Amino acid sequence: MWPTDPENGLSPKNTVGIDDVYNPPPLHWTSLLVLAYQSCGVVYGDLSTSPLYVYKGTFNGSLNRFLGEEDVVFGVFSVVFWTITLIPLLKYVFIVLSADDNGEGGTFALYSLLVRHAKFSLMPNQQAADEELSSYYRPGYAATEDAPILRALRGFLERHRKSRTCLLVTVLFGASLVIGDGVLTPAMSVLSSFSGLQVHSSSLTHSEVVLLSCIVLVCLFTLQHWGTRRVAFLFAPVVVLWLLLLAALGVYNIVVWNPRVLRALSPHYVVSFFRHTGKDGWISLGGVLLSMTGTEAMYADLGHFTAASIRVAFVGLIYPCLVLQYMGQAAFLSKSPDCNIHFIFFESIPRPVFWPVLVIATLAAIVGSQAVISATFSIVRQCTALGCFPRVKIVHTSNRIHGQIYSPEINWILMLVCLGVTVGFRDTDLIGNAYGMACAGVMVVTTLLMALVMVFVWQQGILVAAMFLLAFGSVESVYLSAAIMKVPQGGWLPLALSIVVVAVMYIWHYGTRRRHLFDVQNKVSLKWLHALGPSLGIVRVPGIGLIYSELATGVPAIFSHFVTNLPAFHQVLVFVCVKAVPIPHVRCYERHLIGRIGPREFRMYRCVVRHGYKDVPGDDNDFENDLVVRIAEFVHMEAAEQAAAGDAARASDASVEGRMAVVSRPFDLSRTGLLMRAPLPNPEDTAVVRAAAAASGGGKEETMQSLQAMYESESPGFAVRRRIRFEIDGATSESMDPAVKEELSALVEAKHAGVAYIMGHSYIKARKSSSFVKKLAIDVAYTFLRKNCRGPAVALNIPHISLIEVGMIYYV
């Protein structure tokens, strides 16, 4: 019935209750258009505000002396046109959006695809049972024989830890650059939009513009706790109206100022531009790069919509509107060489509509900033789930859309850094240089990861991947080189932020990995456990003990400390491991792996709770009751298999360890042999009754439930768990196997006695002989992060009244 694997715990694929939520049918064209409309406000807010500062950043250097030459102005537009055609349109819309991870996008989505289809992961907690998840492999993927050169590349990356570490650091660097966008986008967009006030208000000083921008930024970050859902109805109309205004202003400027700008659509002007401007033209690419800001967010926000809706929105609205606007600004600039290039967008606006456009531009800048901030929250959650970021508080702001979240700690850190950038730089040119550096860096990282995905996931061959890498990597490398030239003029900021964020991520990942390796190396021997006998050498008291650890196999060393130092332990023991798997979501019916440790009379079980990097562990408030039902189902499944296999197989299978099965909570509870009583009434009334029972000599159950009820009533933020009583079904108990009935009776009796949570903490310290760098990373940096992040008990929503925490120290 089940594949047996003592080390990995292979499980069968449970097909009961499969839904099509993760593989939805094709959308009707009306639904597709509605999604495309909604995506304009969430996905394209940042990209649509680029016309505010592209030409200003391009001509703000030595290229400024070419303003009077029409061919140079047309050349700049031609470079902008072909840039947004090659990178956002061709690369991202038509190629990169196809590399979704079950509907999710971003650099971590690409990394998770690589980890699943090749052994590139550094974390040693992956099981063979994880590969049985229905969404683990890409649809249509089949393992094939690799070509010699591809086999050599795969073997090199899988065998050498340094190569896998380099891959992880590359992914972390790309994610940190996107987080840096969450700092730079609000500062750049809001400051650029308010700078338009100085065009027709000469009395307004730049310091006042900076102060006004800071006030708006504080309001923007303060409103984040409301969530995207409550203000999303404004996003799409604002961005759509803004884009239509851009297109209308572009057409107006083309017709009024210089219709000959249409000729600049020819790539001939690109060649002529670089031939005429030389090095100055190459350095100006740092400003042209700003036309692609927000493109990576288009891919990172893929999980909120579908690839088809994002493509329809970009091709049908975003792309033509932006092209018309850039063309119109070029037409105006070609006939107005004496205009103030710092306010080129606002000077190209006809005076009668200036103030309405300024208001809409400010709203569009706020919307664009909101989208990038939300994407930052999502990336931090992905990093946290995969063990690459300290645990932070995650708040769901929508009951319907799972991806809309808010993190208070990250929000306030972003606000402080964003205000520091705005006040410190005070100049959109310097912020633009930093912005371009971040944009170029994350695009190069995406191109490198996409090439690997084409080879190992899409199985397109190394030639196709090399062509993709050469075509887009060469273009992006040119832009990156131009951005590097502006490192002294503000381009250092994203690099500095990325170094700090990558250091935090890698130190946390390194400490977590080392701690897990030591847990694996020090786990309890099963022979030692069997030698203790069913009583484990101690008194077994009524109740269920849930022992939390990060081990998916074996018994953690923390258990031997309990057995050695405590005189009693619970009647039923369940070793619970909450682990992340490299997929976005784990379906509910595949989330729990249930197994047994030792013989039946030991009453020891294992439960592995798997969640994806988009799931939030600890959101199940009925975990205790669900666990009892799943264990009961596992007992029945095991007994049925042994009965079918015969007595010989039953005797040989009794000592097999690591046997685990996917057990979902059954819809028909009667097949488990258990009955559930209705939950008790009002917790406050229950608390009074239980307290009175305890005072009159009631048992431990009444006392514990009384304390828990009072604790819950005094803790408004605590999620109340349902109190349910289980009973053996009398109608089915007569035909039940006596051993199964005895085991279920012990399980029900233990549940009624109460549940205790035992949380094991493994702390690591550097040895005295370790290097100074290792001591600094482990004893200072990692220890500081661990002490100041959320504890695992809080993250897993474990009730404090029933929690026992014990720590162990490992020297690495």
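Residues numbered from 1 in each chain as written. Predicted model: local features only at pLDDT ≥ 70, side-chain atom pairs only at ≥ 80, totals over all residues. Heavy atoms only, no water.

The name an unreviewed UniProt entry assigns to the chain is Potassium transporter, from the organism Urochloa decumbens. As recorded by UniProt, the Sequence similarities (unreviewed entry) comment attached to the chain reads in full: "Belongs to the HAK/KUP transporter (TC 2.A.72.3) family." UniProt, in its Subcellular location (unreviewed entry) section for the chain, records the words "Membrane". (UniProt positions renumbered as here; feature names shortened; annotations may be inferred.)

A. Looking closely at the overall build of the chain. When helices and strands are counted, the chain shows 30 helices and 11 strands. For the chain, buried positions account for 57% of its 812 residues. In the chain, 84% of the contacts between residues at least 6 apart in sequence involve partners at least 24 apart. (Helix = DSSP H or I, 4+ residues; strand = E, 2+ residues; numbered from the N terminus. Buried < 20%, exposed > 50% of the residue type's maximum accessible area, 1.4 Å probe, protein only. Contact = heavy atoms within 4.5 Å.)

B. Representation of the packing of aromatic side chains. Enumeration according to the criterion identifies 24 aromatic pairs in this entry. Plain terms: the ring middles of phenylalanine 354 and tryptophan 355 are 5.1 Å apart, the flat faces sit at 85 degrees to each other, and that makes the pair edge-to-face. What makes phenylalanine 354 buried here is its relative accessible area of 0%. Assessed through its relative accessible area of 45%, tryptophan 355 is described here as partly exposed. (Phe/Tyr/Trp six-rings, centres within 6.5 Å; stacked < 30°, edge-to-face > 60°.)

C. Geometry of the pairing of strand β4 (residues 568-580). Extensive coverage of β4 is indicated by the burial of 11 of its 13 residues. Strand direction decides the pairing type here: strand β3 (residues 539-549) and β4, joined by 9 bridges, are parallel. Residue pairing for β4: leucine 546 is matched across the bridge by valine 574. With 8 bridges joining them, β4 and strand β6 (residues 604-611) adopt parallel strand pairing. From the neighbouring strand, alanine 580 faces β6, where its bridge partner is histidine 611. (Pairing = 2+ DSSP bridges.)

D. Quick peek at the confidence of the model for the chain. Looking at the chain, pLDDT values average 79 and 82% of them are 70 or higher. Note that pLDDT drops below 50 for residues 1-23; the model gives that stretch 53 contacts with residues more than four away or on any other chain. (pLDDT = per-residue confidence, 0-100.)

E. Region of interest: the environment of leucine 551. Inspection of the secondary structure puts leucine 551 in the loop between β3 and α22 (557-565). Residue classification places leucine 551 among the buried positions, given a relative accessible area of 4%. Taking the C-alpha atoms as reference points, leucine 551 and valine 608, 57 residues apart in sequence, are found 9.0 Å from one another.

F. The sheet that holds strand β7 (residues 660-662), seen in detail. Ordered by their spatial adjacency, 7 strands build an open sheet running β7-β5-β6-β4-β3-β10-β11, and the pairing between neighbours is mixed. Single-partner strands in this sheet number two, and they are β7 and β11 (803-811). Strand after strand, the sheet turns through a mean of 25 degrees between neighbouring axes, direction not considered. Sheet analysis places strand β5 (residues 592-596) next to β7, joined by 3 bridges and oriented antiparallel. Within β7, the residue paired with isoleucine 594 across the bridge is alanine 661. Most of the contacts of helix α20 (residues 487-521) go to strand β10 (residues 755-765), to which it runs at about 110 degrees, and overall it touches β10 and β11. (Axes fitted to C-alpha atoms, helices over the stretch in contact; angles between N-to-C directions.)

G. Representation of the packing of helix α7 (residues 161-194) against helix α18 (residues 428-456) in the model. Taken N-terminus to C-terminus, the directions of α7 and α18 make an angle of 150 degrees; their axes are 8 Å apart at the nearest point. Seen along the crossing, α7 lies across α18 with a hand that is left-handed. Of the residues in the contact of α7 with α18, the class split is 17 nonpolar, 7 polar and 1 charged. (Left-handed = near helix turned anticlockwise from the far one by under 90°. Nonpolar A, V, L, I, M, F, W, Y, C, P; charged D, E, K, R; others polar.)

H. Summary view of the pattern of salt bridges. Scanning the entire structure with this criterion turns up 10 salt bridges. Arginine 65 is paired through a salt bridge with aspartate 280; the nearest N and O atoms lie 2.6 Å apart. You can see arginine 65 sitting in the loop between α3 (54-58) and α4 (70-93) and its partner aspartate 280 sitting in helix α11 (residues 279-283), a full 215 residues away along the chain. Note on arginine 65: relative accessible area 58%, which makes it exposed. The residue arginine 596 makes a salt bridge to glutamate 743 at a minimum N-O spacing of 2.8 Å. With arginine 596 in strand β5 and glutamate 743 in helix α28 (residues 738-753), this pair connects stretches of sequence that are 147 residues apart. (Salt bridge = Lys/Arg side-chain N within 4 Å of Asp/Glu carboxyl O.)

I. View of α28. For α28, built from 16 residues, the straight-helix expectation of 22 Å at 1.5 Å per residue is met to within 8% by its first-to-last C-alpha distance of 22 Å. For α28, the full list of buried residues reads Val740, Glu743, Leu744, Ala746, Leu747, Val748, Ala750, Lys751, His752 and Ala753. In the stretch just after α28, glycine 754 is the one whose phi turns positive, near 125 degrees. (Expected span 1.5 Å × (residues − 1).)

J. Summary view of the side chain of asparagine 625. Within the secondary structure, asparagine 625 is located in helix α23 (residues 623-645). Looking at asparagine 625, its side chain comes within polar contact range of the side chain of lysine 751, at 3.5 Å. (Polar contact = N/O pair within 3.5 Å; in protein donor to acceptor, adjacent residues only side chain to side chain.)

K. Main features of unusual backbone geometry. Positive phi, normally seen in glycine, also occurs at arginine 426, with a value near 60 degrees. The residue arginine 426 is located in the loop between α17 (408-425) and α18 in this model. A positive phi angle is found at glutamine 459, which is not glycine, with a value near 55 degrees. In this structure, glutamine 459 sits in the loop between α18 and α19 (462-484). The partly exposed category is assigned to glutamine 459, whose relative accessible area is 31%.

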